[in-house]
Amino acid sequence: MAAIDVTSVQSAGLPKRARKTDASCGSMVHKLFPTHNSARAIACGIARYQKTERVIKVAQLPASVQQYIDEKASLCQPDEVHICDGSADENMRFMKSLQKDGMIKALPKYDNCWLARTDPKDVARVESKTVISSEKRSDTIPTPKDGVEGKLGYWMSPADLQNAIKERFTGCMQGRTMYVIPFSMGPLGGPISKYGIELTDSKYVAASMRIMTRVTPRVLDYIDGGEDFVKCLHSVGAPLPLTRELVNNWPCDPENVLVSHIPANNEIMSYGSGYGGNSLLGKKCFALRIGSTIAKREGWLAEHMLILGITNPEGKKKYIAAAFPSACGKTNLAMMQPSLPGWKIECVGDDIAWMKFDGEGRLRAINPENGFFGVAPGTSMKTNPNAMKTCMTNTVFTNVAETSDGGVYWEGMDEPIPDGVDITSWKNEKWTPGSEELAAHANSRFCAPAGQCPAMDADWESPDGVPIDAIIFGGRRPQGVPLVYEAFDWRHGVFIGASMRSEATAAAEFGGKKIMHDPFAMRPFFGYNFGHYLEHWLSIDKPGRHIPKVFHVNWFRKGADGKFIWPGFGENIRVLEWIFGRMDGAENAVKSPIGLLPSEGAINLDGLNENVDMKELFELPKGFWQQETEEIKKYFDEQVTTDLPTDVAQELNSLKERVDSM
């Protein structure tokens, strides 16, 4: 099959291979799209690319990229192919076009900010329709106990996936443009960075990927130089002419959503959703699901973790990675403004950490992303002033409420609504304070460039990453779990990560306040069998390596009155101060059945304006922990079964023995 000649072009003109007549180009296109007169469109796509002011270093796309585009264009049948250069001019054209189509609105109160409202059926990750495909089911998920539904991922056979792909993707881009997005996860050329090509029919996705990743044709230099790339195909599933009426001018096919991954091919194919992690394929799909499989093969870690730098009043600095489920305070912690004088927190990343040991045995981490895709509700100048300052420029808001003076609004923003200002909800309906309906969807988001955050660490884009001295696990646990405790050793730390539990969040299609098992905050994001994942974590403790200390935190414990005991937010620096001391060798911990707790007085309460019942905050009710061990055992027995590593099973038995003897 002849290749589409969609070449990247230098400003001086088309390279020789691209200097074809329209007729010549047309003959190739018609072989791929016999029912579409696409020759002129493809030629125009090349011409538009030529007109950009950006100088492209490569004369044409690498053969592997051309082959990928040929294959998927033949399947999806777009009318045009546009190679994105990531420039500001290109992005503004996308935004103006989206505005004209009614998909986004300008927010004149801020600088280059935009609002999108989605179809109400397309508002979150769709975990039940997110699959991993491998030859053997056991490579993807553990085999659950007979009669038990597996909760550690969804597997689809290669044959079934191919049928599902053919059914959904055939002709799915008819009447639309296929945007080719070359992007880097991590700084270009870094030893931990990886590269991807996303093909999408959504300008909203192209604009958001420019924020969340490093979109640049320079990626093609690395691919042309022999680097592999992750193949990402996305379609909203709404070919033209439309067969169903759009809601909020938002194209999608929610009844047929499928987000699929083929680790053996480093390939992702997502259909039907235009929103978030379902469509911004560099995020959870690449950074975690495919990323974790690459990391296992290559001996590193791809994790759902923030990265922060913490500096004490004496100027000593350390770096911490922390895993919390979505909407459990990752972004707030990563950008914290400490309440204790002299302490400083700087953000490397708020969601993803790729961690690899260097030649000296230090675990080093990068944030592979380039932006924040933060949950808006609950974000305020009190809870996270740095996030608020970040998202008031160059940001795409999705499913937040709109104010009549050209701004945004959401629950928990904690800003008074000026007289005469009206609010329109995320459903595009008039909204008044006190209404039973939410003004902003619980999973509404801001998509903002990381580089404009006032709290970014000076080394956040260091190609080699930053050295990690501690790893923190945590979640929302209203009862029983203390504010902070430390693992006895690495093996115990892996067990703590494996046994994480937390209240469900709005980031997925689940609802309510049910306590769910969320090991490593990765339950929706494992790219391979969780039991094998645990073995991988256990295996990194090797001689000559500086292994980080492991901790667990819980900002969300409630007292008998139903209120949070710990004030949280900037006061969390008091917990990090204790962790910092433990990393530095301070002997201020006591042994408990669940781990090492701060000794009496070790948590600095100086200047704390609230009275905190520290006894209740650190109380370990025997009955609660006996029930906790039973819940963990049941989970392992039902979900992980024979794939559970012996070391983890032994840690659970040891915990049970210690709790029973309390």
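The structure under discussion appears in the preceding block.
Residues numbered from 1 in each chain as written. Predicted model: local features only at pLDDT ≥ 70, side-chain atom pairs only at ≥ 80, totals over all residues. Heavy atoms only, no water.

Undergrad: Hey, could you go over the packing of aromatic side chains for me, with residue numbers and the actual values?
TA: All told, the structure shown has 27 aromatic pairs when counted by the stated rule. With 5.5 Å between their ring centres and 70° between their planes, Phe-169 and Tyr-271 make a pair best called edge-to-face. Of this pair, Phe-169 sits in helix H6 (residues 158–169) while Tyr-271 sits in strand E11 (residues 267–271); the two residues are 102 residues apart in sequence, bridging distant segments of the chain. Using a relative accessible area of 6% as the deciding quantity, one classes Tyr-271 as buried. Look at Phe-183 and Phe-286: their rings are 5.8 Å apart centre to centre, the planes differ by 65°, and that puts the pair in the edge-to-face class. With Phe-183 in strand E6 (residues 177–185) and Phe-286 in helix H10 (residues 282–298), this pair connects stretches of sequence that are 103 residues apart. Taken together, the ring pairs connect Phe-473, Trp-490, Phe-520, Phe-526, Tyr-528, Phe-530, Tyr-533 and Trp-537 into an aromatic cluster. Residue placement shows Arg-545 over the ring face of Phe-357; its charged tip is 4.1 Å from the ring centre. Lying over the aromatic face of Phe-488, Lys-591 brings its terminal NZ or CZ to 5.4 Å of the ring centre. (Phe/Tyr/Trp six-rings, centres within 6.5 Å; stacked < 30°, edge-to-face > 60°. Helix = DSSP H or I, 4+ residues; strand = E, 2+ residues; numbered from the N terminus. Buried < 20%, exposed > 50% of the residue type's maximum accessible area, 1.4 Å probe, protein only. Lys NZ or Arg CZ within 6 Å of the ring centre and 35° of its normal.)

Undergrad: With reference to specific residues and values, describe the pairing of strand E26 (residues 470–474).
TA: Most of E26 is tucked away, with 5 of its 5 residues classed as buried. Along E26, one buried face is formed by Ala-470, Ile-472 and Gly-474 and the opposite face, lined by Ile-471 and Phe-473, is buried too. Looking at chain direction, strand E14 (residues 317–323) and E26 are connected through 4 bridges and run parallel. What sits directly across from Ile-320, in E26, is Ala-470. Looking at chain direction, E26 and strand E30 (residues 549–553) are connected through 5 bridges and run parallel. From the neighbouring strand, Ala-470 faces E30, where its bridge partner is Lys-549. (Pairing = 2+ DSSP bridges.)

Undergrad: Lay out the sheet that holds strand E18 (residues 371–375) with the relevant residues and their values.
TA: Strand order in the open sheet formed by 5 strands is E2-E3-E19-E24-E18, with mixed pairing between adjacent strands. Because the sheet does not close on itself, it has two edges, and the strands there are strand E2 (104–106) and E18. In this sheet, neighbouring strand axes are inclined to one another by 20° on average, regardless of whether the strands run parallel or antiparallel. The sheet contact formed by strand E19 (residues 396–398) and strand E24 (residues 445–449) spans 3 bridges and is antiparallel. If you follow Phe-397 over to E24, its bridge partner there is Phe-446. (Axes fitted to C-alpha atoms, helices over the stretch in contact; angles between N-to-C directions.)

Undergrad: Outline helix H7 (residues 203–212), listing residues and values.
TA: For H7, a buried count of 9 out of 10 residues is recorded, marking the element as mostly surrounded by other parts of the structure. Those residues of H7 that sit buried are Lys-203, Tyr-204, Val-205, Ala-206, Ala-207, Ser-208, Met-209, Ile-211 and Met-212. The opening residue of H7 is Ser-202, an N-cap whose side-chain oxygen sits 3.3 Å from the backbone nitrogen of Tyr-204. (Polar contact = N/O pair within 3.5 Å; in protein donor to acceptor, adjacent residues only side chain to side chain.)

Undergrad: Pulling in residues and values, what's your account of the nonpolar core?
TA: Counting residues in hydrophobic clusters, the biggest one holds 164 residues, and the most contacted among them are Leu-576 and Ile-579. Excluding its chain neighbours within four sequence positions, the residues that come into contact with Leu-576 are Leu-308, Ile-310, Ile-320, Leu-333, Met-336, Ile-345 and Ile-472. If you look at the next biggest cluster of nonpolar residues, it comprises 31 residues, including Leu-161, Ala-164, Phe-169 and Ile-262. (Core = buried A, V, L, I, M, F, W, Y, C linked by side-chain atoms within 4.5 Å. Contact = heavy atoms within 4.5 Å.)

Undergrad: I'd love a proper account of the side chain of Thr-213, names of residues and values included.
TA: Checked against the element boundaries, Thr-213 lands in the loop between H7 and strand E8 (214–215). Of the residues examined, Thr-213 reaches a relative accessible area of 2% and is grouped as buried. Within the structure, the side chain of Thr-213 is placed 2.8 Å from the backbone oxygen of Met-209, a separation counted as a polar contact. Aside from chain neighbours lying at most four places away, what touches Thr-213 is Phe-183, Ser-184, Met-185 and Asn-370.

Undergrad: Describe the sheet that holds strand E16 (residues 353–357), naming the residues involved and giving the relevant values.
TA: Taken in spatial order, the 4 strands of this open sheet run E12-E16-E17-E25, and their pairing is antiparallel. Looking at strand neighbours, the two that pair on one side only are strand E12 (301–303) and strand E25 (466–467), the edges of this open sheet. Across 3 bridges, the pairing between E12 and E16 is antiparallel. The residue bridging Glu-303 from the neighbouring strand is Ala-353, located in E16. Contacts from H10 reach E12 and E16, with the element oriented near 165° to E12.

Undergrad: I'd like a description of the pattern of salt bridges, backed by residues and values.
TA: For the structure shown, the criterion picks out 35 salt bridges. One network of salt bridges, in which partners are shared, links Lys-283, Lys-284, Lys-330, Asp-351 and Glu-369. (Salt bridge = Lys/Arg side-chain N within 4 Å of Asp/Glu carboxyl O.)

Undergrad: Would you mind going over the environment of Pro-120 in detail, with residue names and values included?
TA: Here Pro-120 lies in the loop between strand E3 (114–116) and strand E4 (130–133). According to the relative accessible area criterion, Pro-120 is partly exposed, its value standing at 39%.

Undergrad: Describe unusual backbone geometry, listing the residues and the values that go with them.
TA: Residue Pro-241 is bonded to the preceding Leu-240 through a cis peptide linkage, with omega at 0°. Tracing the sequence through the fold places Pro-241 in the loop between strand E9 (230–235) and strand E10 (258–262). One non-glycine residue, Gln-77, lies in the positive phi region at around 60°. Examined against the element boundaries, Gln-77 turns out to sit in the loop between helix H3 (63–76) and strand E1 (80–83). Residue Gln-77 is classed as buried on the basis of its relative accessible area of 17%.

Undergrad: Pulling in residues and values, what's your account of the pairing of E16?
TA: Extensive coverage of E16 is indicated by the burial of 4 of its 5 residues. When E16 meets strand E17 (residues 363–366), the two strands line up antiparallel, connected through 4 bridges. Looking at E17, one finds that Phe-357 is bridged to Leu-363. Linking E16 back to E17 in an antiparallel pair, the connection comprises 5 residues, with Gly-361 at a positive phi of about 80°.

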